[in-house]
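Residues per chain are reported as follows:
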2 protein chains.
Amino acid sequence: MQETVKVAVDAMGGDNAPGEIVKGAVEAVNEKPGIKIILVGKSEKVKAELAKYTYKEEQIEVVNAEEVIETAEPPVMAIRQKKDSSIVVAMNLVKKGEADAFVSAGSSGAILVGGQLLVGRIKGVERPPLAPLIPTTTGVSLLIDCGANVDARPSHLVQFAKIGSIYMENVVGIKNPKVAIVNIGAEEEKGNMLVKETFPLLKTCPDINFIGSIEAREIPNGQADVIVCEAFVGNVILKLYEGVGAALLGKVKQGMMSTLRSKIGALLVKPALKETLKSFDASKYGGAPLLGLNGLVVKTHGSSKANEVRNSIIQCIAFKEQKINEKIMQNIALKDE
Amino acid sequence: MQETVKVAVDAMGGDNAPGEIVKGAVEAVNEKPGIKIILVGKSEKVKAELAKYTYKEEQIEVVNAEEVIETAEPPVMAIRQKKDSSIVVAMNLVKKGEADAFVSAGSSGAILVGGQLLVGRIKGVERPPLAPLIPTTTGVSLLIDCGANVDARPSHLVQFAKIGSIYMENVVGIKNPKVAIVNIGAEEEKGNMLVKETFPLLKTCPDINFIGSIEAREIPNGQADVIVCEAFVGNVILKLYEGVGAALLGKVKQGMMSTLRSKIGALLVKPALKETLKSFDASKYGGAPLLGLNGLVVKTHGSSKANEVRNSIIQCIAFKEQKINEKIMQNIALKDE
């Protein structure tokens, strides 16, 4: 029998909390009997939402937290001062081992800071990267790092490459994942100082399948499984992906609605189009894991609905079953010391 | 009467040279009587192409250049050694004042290096930025810098903001253009070291309309007219724009062709869709200018067809008529000294 995976969930985080968060939690436990969820937040509100659903009561516990960290708050101060916030209370559950993982749609800054200050890094991991999966025409790629670690050093990027490879191989199931570094040309001599210094380190790194540079144009084609970059560039890639996608689909919609003829065509095209575009959507894989911590922390979109919350919770199962943190410890932390 | 604008064109550069280049040049002179074009390249080949068209002979001159710089060649060496290449010969025409501008679809690296080494910088300009126009849902924005100037300093970015404002106001015709710096959050304290140091300089810069940070997600919405960033990030933005666009439109096409029903719908949708997507395409504005040089250098896509070559040539008219370089000299170079 498999061990229960205990997931603390930030019931107050994101635009649709607590309604959609609680709904997603219920969907997750009703689908996976091996999960136990600890909903952290204003217990009265959370319980009122829970009352709407049917589920096995032993699978969901509510832990009260009176405060909420808002998105606009300076993260370090918020984590230090709001001791009774859902994020701080939940992260302390992970720290004490009472939860294996934490899922939140709340403030990215607070989650990144809290991850380091409260949950803590695995010994030897220099910087915990935030690593979302992004859709490609052939599947998904892991973009590592999109976090708050700007002005990274080459050694950080090498760790990102190793951690990302472990994640893609064991959680997403891609054998011997291809690793590439984001660059402004395909040749080894191209790039800024950081990339030029990191490239030879990745080339000689024995634990990864390094395939060289990747230009941003090629990222959507899925030519690499693990896409290594520092957080500023990663953040730009992640957000531009969403921005260009939304702008372009808006234009397509606008075009389809512009004439009577095109409106009729749109009705005929819609079901097939919806199906294809579903394959260009990474939300079914859950949120972005913050890797290299003593426990798993998953950041989902602030706009997450129940379905993405559910997927983010379910993703924690593979993370625990595949012993990702033990693998990171063995393959990275110890070797690097 | 307006002065003739003399444009040297690299007849050998790009995937479709010399055919499409010559065709674009002919289209430009047939449309604009005030242009004179100097086609630089293997004269026999160029003349054979020219023979296919009708045009006023005094508007097109052919200057022979026996060598061609290939895309894969290391740019500095190519510029130094291939003295009889189309790029070197044409840039020397600009240097000597025999041409006002140079348009090429050839090697980006060679064009960037040649611009600095042969054409030369305007006195006071620290680094000439490559600044393509990118499409947005509301029009176009200037992305400055996308060139080879990686590892930029704050003072460079301030110059990019000023040069970009002059270009957008005078060539594209946007009054008091809004300037923003690419960042990973909207708040002033966000960002990497470069952005944090540049932000207060832009904020206190009197000659520009600085509106603060822009997140990559917002770029396609046209919230800023001049988007300032260092070249590595600019290059990633430019190429990801193309990559995500192509991947997504590929998926839309695939969806439309997947069933009989959707195929019929696609036929009905197509004309309207084509019309709307045309508005999300910046190629009608021509290529990317390399700004801050003693003359204009324009880099068009390596895959440019006649239409883009034509637009790139025509864009040189506004550049000269609006006296962009004089304005850069007055507003930037002299003030900064």
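Residues numbered from 1 in each chain as written. Chains lettered and ligands numbered in written order. Predicted model: local features only at pLDDT ≥ 70, side-chain atom pairs only at ≥ 80, totals over all residues. Heavy atoms only, no water.

Okay, the overall build of chain A next. On a plain count of helices and strands, chain A comes out with 11 helices and 11 strands. Relative to the compact-globule value of 20 Å for 337 residues, chain A shows a C-alpha radius of gyration of 21 Å, a close match. Each of the three principal axes of chain A carries a C-alpha extent, and together these read 65 × 60 × 45 Å. Buried positions account for 57% of the 337 residues belonging to chain A. Counted over contacts in chain A with a minimum sequence separation of 6, partners at least 24 positions apart contribute 72%. (Helix = DSSP H or I, 4+ residues; strand = E, 2+ residues; numbered from the N terminus. Rg over C-alpha atoms; globule rule 2.2 N^0.38 Å. Buried < 20%, exposed > 50% of the residue type's maximum accessible area, 1.4 Å probe, protein only. Contact = heavy atoms within 4.5 Å.)

It is worth spelling out the environment of A:Val7 at this point. Mapped onto the elements of the fold, A:Val7 is located in strand S1 (residues 5-10). Other than its neighbours up to four places away in sequence, A:Val7 contacts A:Lys36, A:Ile37, A:Ile38, A:Ala101, A:Val103, A:Ile313 and A:Cys316.

Turning to the packing of helix H8 (residues 231-256) of chain B against helix H9 (residues 260-278) of chain B, a few remarks are in order. Residues and elements named next belong to chain B. Close contact between H8 and H9 brings their axes to 9 Å; oriented N to C, the two are set at 150 degrees. Classified by the interaxial angle, the pair formed by H8 and H9 is roughly antiparallel. On the side of H8, the interface is formed by Leu249, Gly255 and Met256, while H9 contributes Ser262, Lys263, Ala266, Val269, Leu273 and Leu277. (Axes fitted to C-alpha atoms, helices over the stretch in contact; angles between N-to-C directions. Parallel < 35°, antiparallel > 145°, perpendicular 65-115°, else oblique.)

Attention now moves to empty space enclosed by the protein. Residues and elements named next belong to chain A. Across all of its chains, the model carries 1 cavity of 30 Å³ or more by this definition. Approximately 60 Å³ is the volume attributed to the largest cavity. Taken together, the elements giving at least two residues each to the lining of the largest cavity come down to strand S7 (178-183) and helix H7 (193-203). (1 Å grid on protein atoms, 1.4 Å probe; cavity = no way out; pocket = protein on both sides within 12 Å on 5 of 7 lines; lining within 4 Å. Points joined across faces, edges and corners; volume = space filled by probe spheres on them.)

Let us now look at the side chain of B:Lys251. Within the fold, B:Lys251 resides in helix H8. Of the buried charged residues, B:Lys251 lacks a salt bridge, with A:Glu275 as the closest side chain of opposite charge at 10 Å. Those residues in contact with B:Lys251 that sit more than four places away from it in its chain are A:Thr137, A:Thr276, A:Leu277, A:Ser279 and A:Phe280. (Lys, Arg positive; Asp, Glu negative; His and termini not counted. Salt bridge = Lys/Arg side-chain N within 4 Å of Asp/Glu carboxyl O.)

Residue and element names in this part refer to chain B. Read across the open sheet, the 6 strands follow the order S3-S2-S1-S4-S11-S10; overall the sheet is mixed. Single-partner strands in this sheet number two, and they are strand S3 (60-64) and strand S10 (288-290). In this sheet, adjacent strand axes meet at a mean angle of 25 degrees when their direction is disregarded. As paired elements, strand S4 (residues 101-104) and strand S11 (residues 296-299) share 4 bridges and run parallel to each other. Its bridge partner being in S11, phenylalanine 102 is matched across the sheet by valine 297. Against the sheet, helix H2 (residues 43-50) engages strand S2 (35-41) and S3, with an angle of about 155 degrees to S3. (Pairing = 2+ DSSP bridges.)

Our focus in this paragraph is the sheet that holds strand S6 (residues 140-144) of chain B. Residue and element names in this part refer to chain B. Spatially, S5-S6-S9-S7-S8 is the arrangement adopted by the 5 strands of the open sheet, whose pairing is mixed. Bordering the open sheet on either side are strand S5 (133-135) and strand S8 (209-215), each of which pairs with just one other strand. The mean angle between the axes of side-by-side strands here comes to 35 degrees, regardless of whether they run parallel or antiparallel. Bridge count between strand S7 (residues 178-183) and strand S9 (residues 226-228): 3 bridges; the pairing is parallel. Pairing of alanine 180 across the sheet is with isoleucine 227, part of S9.

With that settled, the discussion passes to the interface of chain A and chain B. Tallying the contact residues gives 52 residues for chain A and 52 residues for chain B. Here chain A packs against chain B, burying approximately 4900 Å² in sum over the two surfaces, 76% of which is carbon and sulfur. Between B:Arg217 and A:Glu242 there is a salt bridge, with its nearest N and O atoms 3.0 Å apart. At the junction of chain A with chain B, the criterion picks out 12 residue pairs in polar contact (both at pLDDT 80 or more). (Buried area = accessible area lost by both parts, 1.4 Å probe. Polar contact = N/O pair within 3.5 Å; in protein donor to acceptor, adjacent residues only side chain to side chain.)

For these two chains of identical sequence, chain A goes onto chain B by a turn of 180 degrees and a shift of 0.0 Å along the axis, with RMSD 0.0 Å. A rotation of that kind, with that shift, is consistent with a two-fold axis. Closest to the rotation axis within chain A is the C-alpha of A:Gly265, separated from it by 1.8 Å. With an isologous cut-off of 70% or more, the 100% of interface residues of chain A that recur at the interface of chain B puts this contact in the isologous class. (Least-squares fit on C-alpha atoms with pLDDT ≥ 70 in both.)

If you walk through the whole model with that rule in mind, you get 20 salt bridges over all chains. A:Glu126 is paired through a salt bridge with A:Arg153; the nearest N and O atoms lie 3.8 Å apart. Here A:Arg153 lies in the loop between strand S6 (140-144) and helix H6 (154-172) and A:Glu126 lies in the loop between helix H5 (108-119) and strand S5 (133-135), a separation of 27 residues in the sequence. Of the charged contacts, one joins B:Glu169 and B:Lys175 as a salt bridge, the two residues approaching to 3.2 Å between their closest N and O atoms. Residue class for B:Lys175 comes out exposed when judged on its relative accessible area of 68%. The network of salt bridges with common partners includes A:Glu3, A:Asp100 and A:Lys320.

As a further point, take the pairing of strand S2 (residues 35-41) of chain A. Residue and element names in this part refer to chain A. For S2, the buried fraction is high: 6 of the 7 residues fall into the buried class. Chirality of the crossover, the property in question, places the unit of S1, helix H1 (residues 19-31) and S2 among those that are right-handed. Once you follow S2 into helix H2 (residues 43-50) and on to strand S3 (residues 60-64), the crossover reads as right-handed. (Right-handed = clockwise from strand over helix to strand, strands pointing away.)

Limitation: the analysis is restricted to geometry and does not speak to function.
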